[in-house]
Amino acid sequence: MFTKVLIANRGVVAVRIARTLKRLGIVSVAIRSSAERSNKYFAVFDEVYDLTGNSVAETYLNTEQILEIAALAKVEAIHPGYGFLSENAGFAIRVAEAGIAFLGPSPEVINTFGLKHEARAIAERLGVPILRGTGILADLDAALAAATDIGFPLLLKSTAGGGGIGMQRCDSAQELSAAFESVSALAKGNFSSPGVFLEKCITRARHVEVQLFGDGHGKVVILGDRDCSLQRRNQKLVEECPAPNLPDHIRKSMHARARALAASVDYASAGTIEFLYDAEAEQYYFLEVNTRLQVEHGVSELVYGVDIVEWMIRLAAGNLPDCDALEAALKPAGAALQVRLYAEDPFDNYKPTPGQIDVTFPQQGRIDNWVGVGSLVSHWFDPLLANVMAYGETRQLAIDELLDTLEQTEIYGTTTNVTLLRHAIDNTAFRAGNVDTKLLATVSYQSNELEVLLPGLEMAVQSYPGRQGYWDIGVPPSGPMDDLSFQLGNRMLGNPTTAAGLEMALKGAKIFFRSPTQCVLTGAIVSATLDQQPIQRGRVFSVAAGQVLSINDVTDGLRTYLLVKGGLDVPDFLGSSATFVLGKFGGHQGRALRQGDV
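Residues numbered from 1 in each chain as written. Predicted model: local features only at pLDDT ≥ 70, side-chain atom pairs only at ≥ 80, totals over all residues. Heavy atoms only, no water.

Brief notes about the overall build of the protein chain
Assigned secondary structure in the protein chain consists of 16 helices and 29 strands. Expected size for 598 residues packed as a compact globule is a radius of gyration near 25 Å; at 27 Å, the protein chain falls within 12% of this value. Along the longest, intermediate and shortest principal axes, the C-alpha atoms of the protein chain span 80 × 55 × 50 Å. Looking at the protein chain residue by residue over its 598 residues, the buried ones come to 58%. Relative to all contacts within the protein chain whose residues are 6 or more apart in sequence, the contacts with residues 24 or more apart total 68%. Just so you have it, the protein chain exposes about 24100 Å², and 51% of that area is on carbon and sulfur atoms. (Helix = DSSP H or I, 4+ residues; strand = E, 2+ residues; numbered from the N terminus. Rg over C-alpha atoms; globule rule 2.2 N^0.38 Å. Buried < 20%, exposed > 50% of the residue type's maximum accessible area, 1.4 Å probe, protein only. Contact = heavy atoms within 4.5 Å. Areas by Shrake-Rupley, 256 points an atom, 1.4 Å probe, with all protein chains shown as cover.)

Okay, here's the thing in structure tokens:
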């Protein structure tokens, strides 16, 4: 067995791999970019080395830097995780040349399956059904000619990489023309390969994948299947094992063909064969092979009672039991679901939301994550915060458990998709197992939020009575300057006197309400409008979703207060949610509000 392993990745997957390494008594070695040095999650690793630079290209795609650190740390193996260099055959070759074990498939297999157009050709030779499509396209003219033959809608796809990056649906020649250069550039920037191809798009289909593990000598273990149909921007958000409502003959056929496909190349290590399933026609089609650990591998582990990362390590170290023995020992039971918690804004077209975040998870289920209190979400990297999982004896019990976990999860600071995830898995169609790749678009997302379009002067979250009793440690009292007006507003709304609200000086604020509520303005005498209709200070008024509150001229006084029904959901720090700007704590990210804050 190895004594020291470098994890050539970051965030959720790096922490998840470190957990297995620790259990096996193996020293974990982490790498980090300059932008991440303040994050506390690196404390889980035994050794941490700094990369030079911030961007993906400068850091986690920089083979030279990673190998230099591997040599310095004297590691015996490198686990690439998922994303970044995990499916880069050149990196696997360089690792082997350095005398270090690569914990993943061989470079030859990565090359064989890593380019999606070549994987399609292999699948077709083995009799696996494939969608109509093309090989690598030389240019836009070739793409337009092929599109005329195949017919729209089509998917323009990068042949390298994964995670929905470099994939765009095109419903017309105009859309294909507009997308061709950008998808090629995106593929080159993320995966160093600009090759793209076309594939017929099934508008209402399911995304089903088979988890496998090969020993490199033609034997393959099948670890069931997963449904990953709930997606946004071709990126999975909800995954479950086993796939629900899948006919038994389809399931068996998928498993058999996945096994044959992997065995044909003497597949070694963990991998996934992805299929597109047309439920109406009861027909499935080969999509691609992921020659790496998948983000959603955890739900298979929960159902099958295994640790796939441990299998990857033991295979490379030469002490994994025979595949026949492994498969004979498998006893799948129950169901497991996973949701991907992202720092992104579903209301604003899933825009990433970097910034400081405080997250507290309940002590239940399985949660692979890297965030906690005071974590900094960088704009340089994918905004995945956690894979939140639940297991149950039945699918319904697993859904209920996951809903409970998400309800108890406390998130402050930057915006996340947690509310959308709750809506999605509690959706009637999803609970019934009637899933497809268009289901998420039908989920009614109801955000309970307001957005700062224009911050007023010194605008900040405050609460009464503020932060008291800490002068002896250098923290002056915080809270609303005009605490009487603040309390009055809360009383008028039926709020507790301690409910948090907004304080601003003078005029100039604009607030967009994403959900209906009731509000009141107190404090200074101001003129204010709601969608350009005057409102009265000191009187409760109702706000509909989509309306904009503008606080304009001040005729008397200095501080204005906006209180909302129920108060603002912000965390307590030293006994109060009031903002102390100089101390950089309390309120929203410990600062005055800015344009775009939600």
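Resuming the write-up.
What to know about the sheet that holds strand β4 (residues 77–79)
Two orientations exist for strands paired in a sheet by backbone hydrogen bonds: parallel and antiparallel. If you walk across this open sheet you meet the five strands as β3-β2-β1-β4-β5, and the pairing is parallel. Of all the strands in the sheet, the pair left with one neighbour each is β3 (47–50) and β5 (101–102). Strand direction decides the pairing type here: strand β1 (residues 4–7) and β4, joined by three bridges, are parallel. Residue pairing in the sheet places Ile7 in a bridge with His79 of β4. Against the sheet, helix α2 (residues 63–73) touches β1, β2 (27–32), β3 and β4, its axis set at about 140° to β3. (Pairing = 2+ DSSP bridges. Axes fitted to C-alpha atoms, helices over the stretch in contact; angles between N-to-C directions.)

Section: the side chain of Glu296
Locating Glu296 in the fold gives a position in the loop between β13 (283–290) and α9 (297–304). Side chain to side chain, Glu296 and Gln294 meet in a polar contact 3.1 Å long. Residues within four places of Glu296 in sequence aside, it is in contact with Glu209, Arg226, Cys228, Lys236, Glu239, Gln338 and Arg340. (Polar contact = N/O pair within 3.5 Å; in protein donor to acceptor, adjacent residues only side chain to side chain.)

Regarding the state of the cysteines
Taken as a whole, this structure holds zero disulfides when the rule is applied. Cys170 provides the cysteine sulfur closest to Cys201, a residue in no disulfide bond, and the two sulfurs are 9.6 Å apart. The exposure class assigned to Cys201 is buried, which follows from its relative accessible area of 11%. (Disulfide = S-S within 2.5 Å.)

Some words on the environment of Thr134
Along the chain, Thr134 falls in the loop between α5 (116–125) and α6 (140–150). If we ignore the near neighbours within four places in the chain, the residues touching Thr134 are His117, Arg120, Ala146, Ile150, Phe197 and Leu198.

A short note on the pairing of strand β12 (residues 268–278)
Of all 11 residues that make up β12, 11 are buried, and the element is covered over most of its length. Across 10 bridges, strand β9 (residues 206–215) lies against β12 in antiparallel orientation. Counterpart to Val208 in the pairing with β12 is Phe275. With seven bridges connecting them, β12 and β13 associate as antiparallel partners. Within β13, the position partnered with Ile273 by the bridge is Val289.

Focus on the pairing of strand β10 (residues 220–232)
Along β10, 13 of the 13 residues are buried, which leaves the element largely enclosed by surrounding structure. Two elements, β9 and β10, share six bridges in a ladder whose sense is antiparallel. Its bridge partner being in β10, Phe213 is matched across the sheet by Val221. The turn linking β9 back onto β10 is made up of four residues, and Gly216 within it adopts a positive phi angle of 85°. Here β10 runs beside strand β11 (residues 235–241); their pairing, made up of four bridges, is antiparallel. The residue bridging Leu230 from the neighbouring strand is Val238, located in β11. The antiparallel hairpin formed by β10 and β11 contains two residues in its connecting segment, where Arg233 sits at a positive phi of about 55°.

Looking at the packing of helix α4 (residues 107–114) against α5
Between two packed helices, both the angle of their axes relative to each other and the distance between the axes serve to describe the pair. For the pair α4 and α5, interaxial distance at closest approach is 6 Å and the crossing angle is 85°. Accordingly, the angle class assigned to the pair α4 and α5 is roughly perpendicular. Contacts between α4 and α5 involve Asn111, Thr112, Phe113 and Gly114 from the first element and Lys116, Glu118, Ala119 and Ile122 from the second. Looking at the contact of α4 with α5 residue by residue, the classes come out as three nonpolar, three polar and two charged. (Parallel < 35°, antiparallel > 145°, perpendicular 65-115°, else oblique. Nonpolar A, V, L, I, M, F, W, Y, C, P; charged D, E, K, R; others polar.)

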